[in-house]
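As a plain string of letters, each chain reads:
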Amino acid sequence: MTSDANPLKRLTMGRRGFLAGTALGIGGGLSTHAIASRAGANETSEISLRDQDLPFIGAEETFSTHELMVLNDRLFLEDTGLAEIGPRRIGAMDEAGLNVQILSAHTPGVQNVPGRKGIDFAYRLNKMLVDGPMATHPGRFQAFATLPLHSPEASADELERTVREDGFLGCLTNGIIGKKFLDHPDFEPLLARAEALDVPIYSHPGLPPDEVFQIYYSNMRPEYQKEFQDQVLSISAYGWHQEVVTQCLRMITSGVFDRHPKLQIIIGHMGEGLPFFYKRIVEKMSEVTESSLDRPFEQYFHDNFWFTTSAFPQTELLDLLLKYISVDRVMFATDYPFANMKTQTDWFRAVALSREAKEKIAFRNAEKLFGIKV
C-alpha cells in the first residue's frame, strides 16, 4: 500500500471532494460525452437505429466491497455503486443494453497486501463473486481474478483455481507491484500460468509509488491542493495512461512475449494513448531491437495485445486505434461505475462502422477471446 506521503492515500471527502474523487477516476478517464461521428446527423441517426439490437459485453467493469475500500482508503466511493452488484447495477445494464459485465476489483485490489493476508483476501473476493452476483444473476456477470501479486507463485495458483473451478476469464493487475512491473523475473510463474491456461491478463493502471508521485506530479503550490490537482494529474488525467503503455513496452523489450509467445495482454481506455505514439514508438524501437527480439517490434502489438474502449467514447480516438490495430483486437468496455454505461452504448451504436465491425467490437471479439457467449 502507498504510504501517507502520497496524498492519494489520505484523501478525505465532502461533497466537493466526492466530485473531485469521481474526477480522479479511480477507475479510468471520465471522457463520458459522446463525440459526433464523422457521418452526417441523418446518417448517424440511421446507423444508430440500425444497431439498436446490438449486444454488448463490457470488458472493464469495476466492483469493490466495504472491506476492500477500508483497506485501500476508498470509503469516499461508497455512494458510487462500486460495491453494489445487484439490482442497481443490473438496472443500469438493462437501460444501456449491456448484456454482460466482466467484473474486476477496484484498483489496487489486494496486490499490495503481502503474505497470507493478501492470499486469503484475494480468495475471499473471488469466491464472493462466484457465490454472489454470478450465482444470483447467471449469464450477466463474468469475472477477472483478483490476485495477491506480492506472492507470485500463489497468484499463479489462484489464477488457475479461479479459471478451472469458478470459470473466471483471466486476471486483472493494477500497475506497479511494489516497485516492479510484470516484466520482472519474479512474475514469470504468473505469466507462464496465464499462457498455459490460455487466459489473458488485463493490465489496468494503479497508484504511482510515492517516489514517482513526488518527482513527477507533486504540486508546488499547496494552496491548490483542495482541488486535488496533483492527484488527478498522477492518475486519470495523465499518469495512469502513460504507466500502462510503459509497462507494455517493457514487456516487449524484455522478451516476455518471446518467452511466452501465446500470452495475451488487454489494455483499456482506447489504448492508453498508445495509438497517438504508435508510429514513433514502432519506428524508434524497431531500430534498436532488431537483433534482440524474435519478431519485428510492431508485431507484438498485433499478436499479444487487445484493446478496449473503456471510458473513452470518442470516435476520433476509435478511428486512430483502428488505423493501427485490427478490428479483430478491439473490445467494448465502459469502466462502470466511473463512466456512464448508456452514454457509451449509445455512442457506439451511432459510430459509422459496418455492422460486421461493430459486432466484433461490441461482443464477438470478447466471445472469441474469453470463450463465452452473450
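Conventions used here
- Residues numbered from 1 in each chain as written.
- Predicted model: local features only at pLDDT ≥ 70, side-chain atom pairs only at ≥ 80, totals over all residues.
- Heavy atoms only, no water.
- Helix = DSSP H or I, 4+ residues; strand = E, 2+ residues; numbered from the N terminus.
- Buried < 20%, exposed > 50% of the residue type's maximum accessible area, 1.4 Å probe, protein only.
- Contact = heavy atoms within 4.5 Å.
- Areas by Shrake-Rupley, 256 points an atom, 1.4 Å probe, with all protein chains shown as cover.
- Pairing = 2+ DSSP bridges.
- Axes fitted to C-alpha atoms, helices over the stretch in contact; angles between N-to-C directions.
- Core = buried A, V, L, I, M, F, W, Y, C linked by side-chain atoms within 4.5 Å.
- pLDDT = per-residue confidence, 0-100.
- Phe/Tyr/Trp six-rings, centres within 6.5 Å; stacked < 30°, edge-to-face > 60°.
- Lys NZ or Arg CZ within 6 Å of the ring centre and 35° of its normal.
- Expected span 1.5 Å × (residues − 1).
- Bend = angle between axes of the 7 residues up to and from the residue.

- The name given to the protein in an unreviewed UniProt entry is Amidohydrolase, and the organism recorded there is Streptomyces aquilus.

**Some details on the overall build of the protein**
Item 1. Of regular secondary structure, the protein possesses 17 helices and eight strands.
Item 2. When burial is assessed residue by residue, the protein has 59% of its 374 residues classed as buried.
Item 3. Partitioning the contacts of the protein with sequence separation of at least 6, the portion at a separation of at least 24 is 80%.
Item 4. Carbon and sulfur atoms make up 53% of the accessible area of the protein, which totals about 15,300 Å².

**A word on unusual backbone geometry**
Item 1. For the peptide bond that leads from Thr107 to Pro108, omega is 0°, which places it in the cis range.
Item 2. Residue position: Pro108 is located in the loop between strand E2 (100-105) and helix H5 (115-131).
Item 3. For the bond running from Tyr336 to Pro337, omega is 5°, close enough to zero to count as cis.
Item 4. Considering the arrangement of structural elements, one finds Pro337 in the loop between strand E8 (330-331) and helix H16 (341-350).
Item 5. In this model, His269 sits at a positive phi of 50°, which is unusual for a non-glycine residue.
Item 6. Inspection of the secondary structure assignment puts His269 in the loop between strand E6 (265-267) and helix H13 (274-289).

**What to know about the sheet that holds strand E3 (residues 141-143)**
The strands that make up a sheet pair up through hydrogen bonds in the backbone, lying either parallel or antiparallel.
Item 1. Spatially, the three strands line up as an open sheet ordered E1-E2-E3, and their pairing is parallel. Because the sheet does not close on itself, it has two edges, and the strands there are strand E1 (57-63) and E3. Neighbouring strand axes in the sheet, compared pairwise and without regard to direction, differ in orientation by 35° on average.
Item 2. Summarising the sheet, E1 and E2 pair through five bridges and their orientation is parallel.

**Looking at the nonpolar core**
Item 1. Core analysis: the largest hydrophobic core is formed by 93 residues, its most contacted members being Leu159, Ile201, Phe257, Leu263, Phe301, Phe348 and Phe370.
Item 2. With residues near it in sequence (within four places) discarded, Leu159 still touches Ala145, Leu147, Gly170, Cys171, Leu190, Ala194, Leu197 and Val199.
Item 3. Met69, Phe76, Leu77 and Phe338 belong to the second-largest nonpolar core, a separate cluster that totals five residues.

**Some points on the pairing of E2**
Item 1. Counting buried positions along E2 yields six of six residues, so the element is predominantly enclosed.
Item 2. The alternating pattern of E2 places Val100, Ile102 and Ser104 on one face and Gln101, Leu103 and Ala105 on the opposite face, and all of these are buried.
Item 3. Judged from the three bridges that link them, E2 and E3 form a sheet pairing that is parallel. By the bridge assignment for E3, Ile102 is matched with Gln142.

**Here we look at the confidence of the model for the protein**
Item 1. Averaged over every residue, the pLDDT of the protein is 90; the share at 70 or more is 89%.
Item 2. Low pLDDT, under 50, characterises residues 1-39; the predicted model gives this stretch 110 contacts beyond four residues in sequence or across chains.

**Structural notes on the environment of Phe301**
Item 1. Tracing the sequence through the fold places Phe301 in helix H14 (residues 299-304).
Item 2. Phe301 sits 36 residues away from Ile265 along the chain, and the two C-alpha atoms are 9.5 Å apart.
Item 3. Dropping the residues within four chain positions of it, Phe301 is found in contact with Leu249, Ile252, Leu274, Tyr278, Val282, Phe307 and Ile325.

**Digging into the packing of aromatic side chains**
Item 1. Overall, the coordinates contain 14 aromatic pairs when judged by the stated rule.
Item 2. Measuring from centroid to centroid gives 5.7 Å for Phe144 and Phe370, while their planes differ by 65°, and the two rings are edge-to-face. Of this pair, Phe144 sits in the loop between E3 and helix H7 (152-166) while Phe370 sits in helix H17 (residues 355-370); the two residues are 226 residues apart in sequence, bridging distant segments of the chain. One exposure class covers both Phe144 and Phe370, and it is buried.
Item 3. Summarising the aromatic geometry, the rings of Phe257 and Phe305 are spaced 5.2 Å apart at their centres and angled 70° between planes, so their arrangement reads as edge-to-face. One end of the pair, Phe257, is in helix H12 (residues 256-259); the other, Phe305, is in strand E7 (residues 305-308), and 48 residues separate them in sequence. Each member of the pair, Phe257 as well as Phe305, is classed as buried.
Item 4. Through a chain of ring-to-ring contacts, the aromatic side chains of Phe257, Tyr278, Phe297, Tyr300, Phe301, Phe305 and Tyr324 assemble into a single cluster.
Item 5. Looking at Arg124, its charged tip hangs above the ring of Phe121, at a distance of 4.8 Å from the centre.
Item 6. When the ring centre of Phe348 is taken as reference, the NZ or CZ atom of Lys358 above it lies at 5.8 Å.

**Section: H17**
Item 1. Helix length check: H17, at 16 residues, gives a terminal C-alpha distance of 21 Å against a target of 22 Å (1.5 Å per residue), a fit within 8%.
Item 2. At Ile361, H17 is deflected by roughly 55°, the largest bend along its length.
Item 3. Among the 16 residues that make up H17, 12 are buried, leaving the element largely enclosed by the rest of the structure.
Item 4. Listing the buried residues of H17 in full gives Ala357, Lys358, Glu359, Lys360, Ile361, Ala362, Phe363, Asn365, Ala366, Glu367, Leu369 and Phe370.
Item 5. Directly beyond the C-terminal end of H17, a positive phi value near 70° is found at Gly371.

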